[in-house]
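Listed below, chain by chain, are the residues.
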Amino acid sequence: MDLYRELFARVLFPAWESGLRRRPTLRHLAYLEKTQWQPLSDLEAIQACALQRLLRHAYANVPYYRSRFEAAGIRPESIHGAADLAKLPILGREEARDTVQERTATAGATVEVHKNTSGTMGRPLVFGYERESEYWRQATRLRGYGWAGCHLGQRALYYWGAGPPAGNRRPTLASRLKGFKIRADRALRREYYVDCGHRGAEELNTVVEIIRRKKPEVLVCYSQAGADLARHVVEHGLKDWGTIPVICGAERLLPTDRPVVELAFGPAVFETYGSREVMLMAAECPAHAGLHVSMETLVVEVVVRDPAGGDRPARPGEVGEVVITDLTNLAMPFIRYANGDLAVPAEPGTCPCGRAHPRLASVEGRATETLVDGSGVRVNGLVFNVVIAHLAHGIRQFQVVQHRDRSVTLRVVPTPSFDGQIESVLRQTWERYLPGVPVKLDLVPEIPIAATGKRQVVVVER
Ligand SMILES: [Zn+2]
């Protein structure tokens, strides 16, 4: 038995979080760990109740949503549950950026936590929420990570992005104090952070050394960073540990990545899906049958837009846009917010794990990464994902870059099995999907990583 883990989870953390800081995180976690076993009808009732609270508040106190209700000719009472949400329009990223003032509540809740997205995809989005929402976010994350066997007080290695470098800014006393608090908090929790920004052989060897020394009970990583680490471990025969559960997040775990992560760390690989705006939305359970959506705290719709206006839910197996309603953020609500990601809903029905929460079969990447062909027709950037998933034996990684003049560079990291036949399949793919666009195939030893520590699969230079 791990005494520190027991001490931390049962004494230290509750004393700090519930006693000293008077935070309800653990109460919320206990609630979510109970509701996760309730039947779907109960979960839908819980969700509908939270949704009514949000919509009534937004109608009364948030000018932007008041006007949306009025334009649609409906009142909050017209929406009885998530299925009725389609009566309200979708809020896109651009519009979300331009309506920060109007989407801020004038009463009933105050923005206490200020954040913004990194802006790698364009202008950053500024948003905020109340502290109560933060406690629900933390509880949702703790529950989701718990499904992967990651619990409070366990030794966890975070192979994670450190964010863009600080540049020449000199640290202030406040920023140093904050840095110290974060480091102390992580040490108490036994969370050890390693920056995944640079992933050369030397850095990867250092991570392997840290794993041997720290003996983490769970590895939490950016999906692509975890996959790179796993490939390094497998290629050099470095595995000298048993199964270490791996929680992948922040970027997409490609179908070709999972087998190698399993080879390096064992079969306990768990994908998670979240975003900066709402944190964890869905997480994989021990049955590995998709990602369960946290429906007590969010409504996550996957929708297909109708060209004539309006939208409908995507069918199981069909790609659609992710549309989020955050049930705990009253201060600056996100109601039907399309964050730019695409996902595929799984078949309905209770999971073999016993949870009834609806599942996502997969998260496909960003809808905003849209290419254009020679005549300006928009082409889903994921066309190459699908083809390359079938060419995994010959292609390790790839990146599609569309330059300002519309020409495309397809960067490919080949395996020793890459041959002329694979090259001709790639050529057929771009001739079919990108007619009129000059495409250059670039065989490279590795794909560069963006300043955020993420590897973008589709890049459109603007
Ligand atoms: Zn499950």
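Note that this is a predicted model, so its numbers are computed, not measured.

Enquirer: What should I look at first to understand the sheet that holds strand 18 (residues 408-414) in this one?
Expert: Strand pairing in a sheet is mediated by backbone hydrogen bonds. Such pairs are either parallel or antiparallel. Strand order across the open sheet formed by 4 strands is 19-18-17-20, with mixed pairing between neighbours. At either end of the open sheet lies a strand with only one pairing partner, and these are strand 19 (439-443) and strand 20 (458-460). Strand-to-strand twist across the sheet, computed as the mean angle between neighbouring axes with direction ignored, equals 15°. Where strand 18 lies against strand 19, 5 bridges are found, and the strand directions are parallel. Residue pairing in the sheet places T409 in a bridge with K440 of strand 19. Sheet contacts for helix 12 (residues 420-433): strand 17 (395-402), strand 18 and strand 19; angle to strand 19, the most-contacted strand, approximately 150°.

Enquirer: Can you walk me through the coordination of the zinc ion in this structure?
Expert: Each pair of donors in an ideal octahedron of six around a metal sits at 90 or 180 degrees, and each pair in an ideal tetrahedron of four sits at 109.5 degrees. On the protein side, the zinc ion has C285 (SG), H292 (NE2), C351 (SG) and C353 (SG) as donor atoms, found 2.1 to 2.3 Å from it. Because the angles between the 4 donor atoms bound to the zinc ion fall within 103 to 115°, the donor set is best described as tetrahedral. Of note, the donors binding the zinc ion are all from one chain and are spaced C-x6-H-x58-C-x1-C. You can see C285 sitting in the loop between strand 8 (279-284) and strand 9 (291-293) and its partner C351 sitting in the loop between strand 13 (337-345) and strand 14 (359-366), a full 66 residues away along the chain. Grouping residues by exposure puts C285 and C351 together as buried.

Enquirer: Is there a simple way to think about the side chain of H28 in this case?
Expert: Structurally, the position occupied by H28 is in helix 2 (residues 25-35). Within the local environment of H28, its side chain forms a polar contact with the side chain of W136, the two groups lying 3.4 Å apart. When near neighbours in sequence (up to four residues on either side) are disregarded, H28 contacts E132, Y135, W136 and A139.

Enquirer: When you look at the domain arrangement of the protein chain in this model, what are you seeing that I'm missing?
Expert: The parts lose accessible area when they come together, and the size of an interface is often stated as this lost area. Partitioning the protein chain into domains gives domain 1 (3-162 + 172-361) and domain 2 (370-460). Distance from the C-alpha centre of domain 1 to the C-alpha centre of domain 2: 29 Å.

Enquirer: Would you explain unusual backbone geometry in this entry?
Expert: Generally, phi is negative for residues other than glycine and the peptide bonds are trans, each holding for most cases. Despite not being glycine, H288 shows a phi value in the positive range, around 50°. Despite not being glycine, R406 shows a phi value in the positive range, around 75°. Turning to its location among the elements, R406 is positioned in the loop between strand 17 and strand 18.

Enquirer: Mind showing me how you'd approach the packing of helix 3 (residues 40-61) against helix 4 (residues 63-72) here?
Expert: If you want to describe how two helices pack, look at the angle between their axes and the distance between the axes. At a minimum axis separation of 6 Å, helix 3 and helix 4 run at an interaxial angle of 100°. Taken together, helix 3 and helix 4 sit at an angle that is classed as roughly perpendicular. Every residue of helix 4 that contacts helix 3 at L55, A58, Y59, A60 and N61 is listed here: P63, Y65, R66, F69 and E70. For the contact of helix 3 with helix 4, the residue count by class is 7 nonpolar, 1 polar and 2 charged.

Enquirer: Teacher, can you tell me more about the nonpolar core here?
Expert: Most often, soluble globular proteins keep nonpolar side chains buried together rather than apart. In this structure, I79, L88, Y273, I335 and L360 are the most contacted members of the largest nonpolar core, which totals 47 residues. Sorting elements by how many residues they give to this core places helix 3 first, with 6 residues. Apart from the residues lying within four places of it in its own chain, the contact partners of L88 are L55, R68, F69, I74, I79, I335 and R336.

Enquirer: Got a minute to help me understand the side chain of E277 in this structure?
Expert: Relative to the helices and strands, E277 is located in the loop between strand 7 (269-275) and strand 8. Since its relative accessible area comes to 3%, E277 is described here as buried. Residues within four places of E277 in sequence aside, it is in contact with R93, T117, L125, F127, R137, D326, F334, Y337 and N339.

Enquirer: Which parts of the structure should I look at to understand a nonpolar patch on the surface?
Expert: There is a patch of nonpolar side chains on the surface, built from L7, V11, L12 and L188 and spanning about 320 Å² of accessible area. No other element matches helix 1 (residues 3-20), which puts 3 residues into the nonpolar patch. Mapped onto the elements, L188 comes out in helix 7 (residues 173-189).

Enquirer: Would you take a moment to explain helix 4 for this structure?
Expert: Within helix 4 the residues assigned to the buried category are Y64, Y65 and F69. One side of helix 4 holds all its buried residues, which, seen down the axis, span an arc of 130°. In the segment just after helix 4, G73 is the residue with positive phi, at about 70°.

Enquirer: Would you mind going over the packing of helix 9 (residues 223-235) against helix 10 (residues 257-265) with me for this structure?
Expert: Where helix 9 meets helix 10, the closest approach of the two axes is 8 Å, and the angle between their N-to-C directions is 55°. Taken together, the axes of helix 9 and helix 10 lie oblique to each other. Judged by the sense of rotation from one axis to the other, the crossing of helix 9 with helix 10 is left-handed. Here Q224, G226, A227, L229, A230, R231, V233 and V234 of helix 9 come into contact with helix 10, specifically with D257, V260, V261, L263, A264 and F265. Split into classes, the residues belonging to the contact of helix 9 with helix 10 amount to 10 nonpolar, 2 polar and 2 charged.

Enquirer: Got a minute to help me understand the packing of aromatic side chains in this structure?
Expert: We describe a pair of aromatic rings using the distance from one ring centre to the other and the angle between the two ring planes. All told, the structure shown has 9 aromatic pairs when counted by the stated rule. Judged by centre distance (4.9 Å) and plane angle (90°), the rings of Y64 and Y65 are edge-to-face. Each member of the pair, Y64 as well as Y65, is classed as buried. When the centroid spacing of 6.3 Å and the interplanar angle of 75° are considered together, the rings of Y158 and W160 count as edge-to-face. Note on Y158: relative accessible area 4%, which makes it buried. Accessibility expressed as a relative area gives 23% for W160, which makes it partly exposed.

Analysis parameters
Residues numbered from 1 in each chain as written. Predicted model: local features only at pLDDT ≥ 70, side-chain atom pairs only at ≥ 80, totals over all residues. Heavy atoms only, no water. Pairing = 2+ DSSP bridges. Helix = DSSP H or I, 4+ residues; strand = E, 2+ residues; numbered from the N terminus. Axes fitted to C-alpha atoms, helices over the stretch in contact; angles between N-to-C directions. Contact = heavy atoms within 4.5 Å. Donors = N, O, S within 2.8 Å, 3.2 Å for Na, K, Ca; no water. Tetrahedral: all angles 85-135°; square planar, octahedral: opposite > 155°, others 65-115°. Buried < 20%, exposed > 50% of the residue type's maximum accessible area, 1.4 Å probe, protein only. Polar contact = N/O pair within 3.5 Å; in protein donor to acceptor, adjacent residues only side chain to side chain. Domains from an automatic or database assignment. Parallel < 35°, antiparallel > 145°, perpendicular 65-115°, else oblique. Nonpolar A, V, L, I, M, F, W, Y, C, P; charged D, E, K, R; others polar. Core = buried A, V, L, I, M, F, W, Y, C linked by side-chain atoms within 4.5 Å. Patch = residues over 30% accessible without salt bridge, like charges linked within 9 Å, V, L, I, M, F, W, Y side chains within 5 Å. Areas by Shrake-Rupley, 256 points an atom, 1.4 Å probe, with all protein chains shown as cover. Salt bridge = Lys/Arg side-chain N within 4 Å of Asp/Glu carboxyl O. Arc of directions from axis to C-beta. Left-handed = near helix turned anticlockwise from the far one by under 90°. Phe/Tyr/Trp six-rings, centres within 6.5 Å; stacked < 30°, edge-to-face > 60°.

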